[in-house]
Amino acid sequence: MERTFLMIKPDGVQRNLVGEVIRRFEAKGFTLVGLKLIKVSRTLAEQHYDIHKERPFFGSLVDFITSSPVVAMVWEGDGVVASARKIIGATNPLTSEPGTIRGDYGVSIGRNLIHGSDATETAQREISLWFTEDELVSWEPNLTPWLYE
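Quick caveat: nothing in here was measured; it's all calculated off a predicted structure.

**Q** How should the UniProt feature "binding site: ATP" (unreviewed entry) in the protein be read in this particular structure?
**A** Mapped onto the present numbering, the UniProt feature "binding site: ATP" (unreviewed entry) falls on Lys9, Phe57, Arg85, Thr91, Arg102 and Asn112. Within the annotated group, the residues that form the lining of the largest pocket are Lys9, Phe57, Arg85, Thr91, Arg102 and Asn112. The residues touching Thr91, leaving out its near neighbours within four places in the chain, are Arg102, Ile109 and Asn112. Here Asn112 is to be found in the loop between α6 (101-105) and β4 (114-116). Residue classification places Asn112 among the buried positions, given a relative accessible area of 3%.

What follows is the structure in C-alpha cells.
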C-alpha cells in the first residue's frame, strides 16, 4: 500500500478544520497510520521546505508554519498520493475546485490550509522527516475488503 504525508497547516488548526479534513480522507476509504499535533521547530520547517530555500518566500513559509501548531498525518491506500492531491485541490484556493478542501475552505494562497506530498518519493522523504518508524501503525481496517478486491 502506498503512503502519503499530509499536514494541516496553522490556519487549518486555528480555524477548527482538523476533524473535517480527517473526515474527508476517512470517507474516501484511506487508512490513517500516523497522527500528531506538533509545534514545528524552525529546523524542521526549514528541512521540510528545503526545496524552496532559494525562493523569496522561503522565510515567510518557515515563519508561518512555525507560528502555531500543525497536525501531521500519514495516510495509506491504493493511489493515495494522487487521490489526496485531488481531495486537497489546487495550491491557490481561488482557482481550486468546489468540493476540494482548498476550494471549500481556502481564502488565499498564503493560507491554503493543508500540505500534501506531490509524489511517492516526496511522501517517503516527508514521512521520514516528520515521523519515526515507531510512530507509524500498520493495521487493517475492517472495511478493507469492501474497498479492494
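**Q** I keep staring at the pairing of strand β1 (residues 2-8) and nothing clicks. Help me out?
**A** The two faces of a sheet get side chains in turn, since along a regular strand they alternate between them. Of all 7 residues making up β1, 5 are buried, and the element is well covered by its neighbours. Here β1 runs beside strand β3 (residues 70-77); their pairing, made up of 7 bridges, is antiparallel. Among the inter-strand pairings, Leu6 is bridged to a residue of β3, identified as Met73.

**Q** Can you help me understand the UniProt feature "active site" (unreviewed entry) in the protein in this one?
**A** Per the UniProt entry, the sites bearing "active site" (unreviewed entry) are His115 in this numbering. Note on placement: His115 falls in strand β4. Beyond its immediate sequence surroundings of up to four residues, His115 is in contact with Phe5, Leu6, Met7, Lys9, His48, Ile88, Arg102 and Glu126.

**Q** Any chance you could explain helix α2 (residues 18-28) here in plain terms?
**A** Given 3.6 residues to a turn, an α-helix orients residues that are three or four positions apart in the same direction. Listed in full, the buried residues belonging to α2 are Val21, Ile22, Arg24 and Phe25. Axial view of α2: buried residues confined to an arc of 155°, hence all on one face. On its buried face, α2 is in contact with β1, β2 (31-38), β3, α5 (80-88), α6 and β4.

Analysis parameters
Residues numbered from 1 in each chain as written. Predicted model: local features only at pLDDT ≥ 70, side-chain atom pairs only at ≥ 80, totals over all residues. Heavy atoms only, no water. UniProt positions renumbered as here; feature names shortened; annotations may be inferred. 1 Å grid on protein atoms, 1.4 Å probe; cavity = no way out; pocket = protein on both sides within 12 Å on 5 of 7 lines; lining within 4 Å. Contact = heavy atoms within 4.5 Å. Helix = DSSP H or I, 4+ residues; strand = E, 2+ residues; numbered from the N terminus. Buried < 20%, exposed > 50% of the residue type's maximum accessible area, 1.4 Å probe, protein only. Pairing = 2+ DSSP bridges. Arc of directions from axis to C-beta.

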